[in-house]
Each structure stands twice: as structure tokens, then as C-alpha cells.
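# Observations on chain architecture
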2 protein chains.
Amino acid sequence: MDKQEISRYFKGLQDQICTALAKADGANKNFETDLWQRQEGGGGCTRTFTNGAVLEKGGVAFSEVFGTLHPNMAASLGVADGASFFATGVSIVLHPLNPMVPIIHMNVRYFELDNGLYWFGGGIDLSPHYVNDNDAQWFHGQLKTICDTYDANFYNKFKTWADDYFYLPHRNETRGIGGIFFDQLNEKSTSFNKQQLFSFVKAVGEAFAPIYAYFMKNHKDDSYTDAHKNWQYIRRGRYVEFNLLHDRGTKFGLESHGRTESILLSMPPQAQWQYMHQPALGTAEYLTLAKLVKGTNWLSTT
Amino acid sequence: MDKQEISRYFKGLQDQICTALAKADGANKNFETDLWQRQEGGGGCTRTFTNGAVLEKGGVAFSEVFGTLHPNMAASLGVADGASFFATGVSIVLHPLNPMVPIIHMNVRYFELDNGLYWFGGGIDLSPHYVNDNDAQWFHGQLKTICDTYDANFYNKFKTWADDYFYLPHRNETRGIGGIFFDQLNEKSTSFNKQQLFSFVKAVGEAFAPIYAYFMKNHKDDSYTDAHKNWQYIRRGRYVEFNLLHDRGTKFGLESHGRTESILLSMPPQAQWQYMHQPALGTAEYLTLAKLVKGTNWLSTT
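Residues numbered from 1 in each chain as written. Chains lettered and ligands numbered in written order. Predicted model: local features only at pLDDT ≥ 70, side-chain atom pairs only at ≥ 80, totals over all residues. Heavy atoms only, no water.

Turning next to the overall build of chain A. Each helix and strand counted, chain A has nine helices and 10 strands in total. Its C-alpha atoms give chain A a radius of gyration of 19 Å, near enough to 19 Å, the size a compact globule of 302 residues would have. Once the C-alpha set of chain A is aligned to its principal axes, its extents read approximately 55 × 40 × 35 Å. Looking at chain A residue by residue over its 302 residues, the buried ones come to 57%. Here the contacts in chain A between residues at least 6 apart in sequence split such that 70% fall between residues at least 24 apart. Summed over all atoms, the accessible surface of chain A reaches about 12500 Å², with 50% contributed by carbon and sulfur. (Helix = DSSP H or I, 4+ residues; strand = E, 2+ residues; numbered from the N terminus. Rg over C-alpha atoms; globule rule 2.2 N^0.38 Å. Buried < 20%, exposed > 50% of the residue type's maximum accessible area, 1.4 Å probe, protein only. Contact = heavy atoms within 4.5 Å. Areas by Shrake-Rupley, 256 points an atom, 1.4 Å probe, with all protein chains shown as cover.)

Here it is in C-alpha cells:
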């Protein structure tokens, strides 16, 4: 398959996910659509959902961009200045209204250079405001099942990659309970050919909507208090810290003059920072913080 | 004067500013105090003020840290690995409750290496949620007066430096109306000796409290609506973007394992992000955005 086929697939995946999420939200509204062009080549379609019944703010962004590689990136890839690239993908962040529903992030992407080098990347990770062991076990179980269909080592490898990537060193906290994260997958880095890797990436992309619909359905009617909302705002603050300080997609997007509003779609509708906020010993907030550590085997916490 | 004298002065300045701000706030409460130690050498005193009558969240941080320079920084300064440094300063960010009162930031700092190289840095800049030309003129006038006492070129030079520094390229917006920003001032970069430069830095530090007390007094009782608060939260979101994406002090602090809660004291109590938020033509919010451009001569806008 060529890059156009991959790009077309991603565009279709975006629509399929938006339809499924709008249905799961149940507010009888649809995603809004913004088409945009990139001056240097390509463009995208940003779809947003605001003030639904379950989703307070969500974005499902598709892009297909191409042109000349930024000199810094050419240097880091060890290719000549002036090399052409093509990149396409779908990127999602959803911030729910109810603090008992987790924040979720998903990305699938494809990148190629004019010298024939290509790779796939992506992943799904969950940032619950309150960590629930059963949910975490179910979530990681879903991801493991997808991975195991392809390679018995994928889940452990990509789960560890997510633990290492979605980490805030200045807080000594993981962003959430992780999930899977993978990058630069191609014939050289795996035992699969391009068609097989594309199939794996499709499986990840198509698993996203059912996984999040499960959390929406199970927790949208959970009761909560102002104290729970307050904690949600603080956790959203951590989400902001990760995305602006560490997220490579955000940094790359802003540095390469991407579309700011599409890149910062990942920002929460509202966030808070309180100096020295520390949950009281034994509270649900305290227990959640204690679980935000690298290396947890979520498949066997219950 | 030696580094200890400068550090003692900064510690005293911190207390003097906290006393003046608490008085101007008028809620009959004092700044809280947290003393902390840095494992690698030195420590600090972080003073915070929360939910006052005028100040919703404010921090006045003093630190005096020393030890071995981080290899990256040694390389960027062109000194040998293993060089010792000493750094001391006061850093302030204040987020007011009333959106008609501006956010303010101030920093004065001193840095020296064991090879005798030293410099002073600092500045004061203002981020109004709503730009008021008279206030901007008064503010820049105050800064110009301080600068002119020392060097007829200081104001223009440091004002331009602030314009360039407090800028969000991905928004094509300045953070606010700027002010003055200066760094690496010493005998080599100016026509002044160390004593004179210290005197200039003192003048900047001592001007801070009266300047901000002026804005607190003049605007704390201004009326405002929910729409004004909403805009304040959006502007606070921009403040977060600048500090996490661009502010060198924040980046340096977090990378050098500084005290996270003291570094992120600059974060607002609450912030918002709305996709594609654009103020309607001719509104106060629209006019403010139109004024957040580099190179404005605030001394002659009225």
C-alpha cells in the first residue's frame, strides 16, 4: 500500500471514531468540523466536540502534511538537508465532564521520507482522575489482546514505552495508568512487513472507540462532589504540564508552525494549580497519587 | 560587595515586598512561609499568598543555590565541566482576583562562577487581562524613570528585550504589555561597575511593590461580569503556555531539579482553554488582543 492509501484510511478512521463517540455521548449532537491548509504543504481536518452529555471537550484531529524536512529534524534523522517528508495521522484527546470518567489519548501515525525510509507510530493511554484497579486491568487487557495477535512481546515492550514516555519527572508521577506507546515501527525494527504493521496500527485505531465507550457508559452516571471536581481540575493541570513541557507531538507541531488550535486541542477546558496541594492520607486522591508510578503491572492489581 | 551581601539584600527585599503587598491587599492576612533546602547546595524561602481580597494567588520566592554547574550549562557558558556556581534572586508572580487588575511578574537575580565571571539579571513586566492605555503609559513611565537614572539607553534596550522575550510565537501574541527585561549585566556588557549595577537592580526591586500597589488600589473595586472572568481564565491559559513552553527560569529550574512547587508558583489558580476562541470585533477583548504586539511605544499611546 502507498502513503495515500494509509492517509485515506486514517481519514475514514477519524469519521468512524467521531460517529461512535457522538453516539456514546448521547447528547444528540455531532462533532464540528474545521478544514485547514498548511502553507508549506498539506493540511487537515480538525473535529471537535464541546459540552456534550459526557464529553466536556474533545478533539479528533486528522492531518496529512508534506514538504521539506526542518533542518533540525533532518539532522536528527541523519538525512540530507532538503529531504522531503510525508506525515499523516489521527490524534485524539478527550476530557470528560464527570471526574469518574478518565481522560483518554490516542494517536496513530505514519511518516515517510523520499529516500524510502518509513515508520508507523501510535498508542492509546488512559489518565483517570481516580484510578480504579478493575478499569485499569480491563483497559490493559484490551491492549494486550490486540498486541498479542501480532507479537507476544509487543504488549510488554509498548507498555513499558508508555510508562517511560507519559511521565512527569518534576512531579515523579506518571501522567495516568499508561497504556501502549510505539514509534518507528518498520521492517528493520520488527519482524513484520509494512502491510502487517499497517494492520496492527489499524487494530489499535479501531479498538479506541469501543474502549472509550466502555468507560463513558460505565461511569457517566457516577455521582461526584465539588471536591471530586476540584481534584479533576488539578489532574488536568498535570495534563497541561505534560503536554506543554514534554509531549513531542505538541513541541514538534508548534515548532514546525503547525496549526496552533489543532495542536492545543489537547488542553483541558479548565485546569487548576494550588500551591503544595497534598491529598490527605488514605483519601481516594491520595490512593490515586500512590498508584501513578512507573512499572505497575495493571493486569494483576486486582 | 560580595555574593553574601547581595543574597542578604534579596532576602530582605522579599520580606519588604511581602509586607507591602499584604498591606495593599487589605485582607488582614500575611504571606505563608516555606523554607526548603536543595540537596546539591543552598535552598530558599518560598512565600505565598492565597485568596486575599485582591490577590487570588501570589508567590514571592527567594533562593540562594550553589554547587557544580550542570554540564549543559557549563558547555553553553564555555567553562570547564565541574565549575562551581552561585545564584541568588527573588522571583514574583501575582494573579489577582479581579480581571481588571493585571497579572505582574518581577525577577531580580545574581549569578557568579568560581572563575570570577558574574552577572545581574531581572525585570518587571505586566500582563493585563484588559489593556488600558493610561495604565500602560504610567507603568512604562515608571520603568523608564528608573532606567534613565542609570543610562539613557537602558529603557529602550530592556523594553525591546522584554518584547522579544515575553512573546508566544505560536499565538503571534506578546504575553502582555511587556516592561523591562535584562540579563548578563556586568562590567563587560555595560559601562557600569558591579556596585553601580547592584544599585540599579536594587532600584528595580524596590520599585516593584509601589508599582503593583498602584494597580491593586486603582482597580480592585472595578466591576466585572462572568464574561470578564471567562476572558481572564483564557488569558491565564496563555500565561501557562508561555511559562511552560518558553520561560527559561521555569525550564532551567525544572531541568536542574529545583523545587517544583516553588517554580510552578507562577501557574494561575485556574485557567481555561476553548477551541478557536475569538473575541467579537470591537469588544474590549478584541481590542486587547489587537494591542498584544511587539514594538508598541506605550509611552505615547494616549
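Attention now goes to the packing of helix H3 (residues 133–150) of chain A against helix H5 (residues 194–219) of chain A. Residues and elements named next belong to chain A. At their nearest, the axes of H3 and H5 sit 10 Å apart, and the two run at 160° to each other. By the angle class used here, H3 and H5 are roughly antiparallel. Crossing of H3 over H5 shows right-handed handedness. Counting all contacts with H3, which are made through Asp135, Trp138, Phe139, Gln142, Leu143, Ile146, Cys147 and Tyr150, the residues of H5 involved are Gln196, Ser199, Phe200, Ala203, Val204, Ala207, Ile211, Tyr214, Phe215 and His219. Across the contact of H3 with H5, the residue classes tally to 13 nonpolar, four polar and one charged. (Axes fitted to C-alpha atoms, helices over the stretch in contact; angles between N-to-C directions. Parallel < 35°, antiparallel > 145°, perpendicular 65-115°, else oblique. Left-handed = near helix turned anticlockwise from the far one by under 90°. Nonpolar A, V, L, I, M, F, W, Y, C, P; charged D, E, K, R; others polar.)

What follows deals with the side chain of threonine 174 of chain B. Residue and element names in this part refer to chain B. Relative to the assigned elements, threonine 174 resides in strand E8 (residues 173–174). Under the relative-accessibility criterion, threonine 174 is labelled buried at 4%. Reaching out from threonine 174, the side chain makes a polar contact with the backbone oxygen of glycine 176 at a distance of 2.9 Å. Look past the residues within four positions of threonine 174 in its chain and what remains in contact with it is Asp163, Phe166, Tyr167, Leu168, Arg235, Leu292, Val293 and Lys294. (Polar contact = N/O pair within 3.5 Å; in protein donor to acceptor, adjacent residues only side chain to side chain.)

All names here are of chain A. Read from one edge of the open sheet, seven strands run E1-E2-E3-E4-E5-E6-E9, paired in antiparallel fashion. A strand with exactly one partner marks an edge of an open sheet, and here the two such strands are strand E1 (32–37) and strand E9 (178–185). On average, adjacent strands in this sheet sit at an angle of 5° to one another, irrespective of strand direction. In the sheet, strand E5 (residues 103–113) pairs with strand E6 (residues 118–127) via 10 bridges, with the strands oriented antiparallel. Among the inter-strand pairings, valine 108 is bridged to a residue of E6, identified as glycine 122. (Pairing = 2+ DSSP bridges.)

Further remarks concern the relation of the copies chain B and chain A. Mapping chain B onto chain A calls for a screw motion: a turn of 180° about the axis and a shift of 0.0 Å along it, with 0.0 Å RMSD after fitting. Such values leave the two copies arranged in the relation of a two-fold axis. An overlap of 100% is found between the interface residues of chain B and their copies at the interface of chain A, pointing to a shared contact surface. (Least-squares fit on C-alpha atoms with pLDDT ≥ 70 in both.)

Moving on, we get to the pairing of strand E3 (residues 55–68) of chain A. Residues and elements named next belong to chain A. Of all 14 residues in E3, 11 are buried, a share of seventy percent or more. Pairing of strand E2 (residues 42–50) with E3 involves nine bridges; the strand directions are antiparallel. Bridge pairing in E3 places glycine 42 opposite valine 65. Hairpin connection from E2 to E3: four residues lie between these consecutive antiparallel strands, with asparagine 51 at a positive phi of about 50°. As paired strands, E3 and strand E4 (residues 84–96) are joined by 13 bridges and run antiparallel to one another.

A few words on the interface of chain B and chain A. Listed per partner, the contact involves 27 residues of chain B and 27 residues of chain A. Contact between chain B and chain A buries roughly 2600 Å² in total, counting both sides, with carbon and sulfur atoms accounting for 60%. Of all residues in chain B, the largest losses of buried area upon contact with chain A belong to Glu261, Trp273 and Tyr275 of chain B, amounting jointly to 29% of the total for that side. Where chain B packs against chain A, one counts two salt bridges. Linking arginine 171 of chain B and glutamate 261 of chain A is a salt bridge whose minimum nitrogen-to-oxygen distance equals 2.8 Å. (Buried area = accessible area lost by both parts, 1.4 Å probe. Salt bridge = Lys/Arg side-chain N within 4 Å of Asp/Glu carboxyl O.)

Bear in mind that shape data such as this cannot, by itself, settle questions of function.
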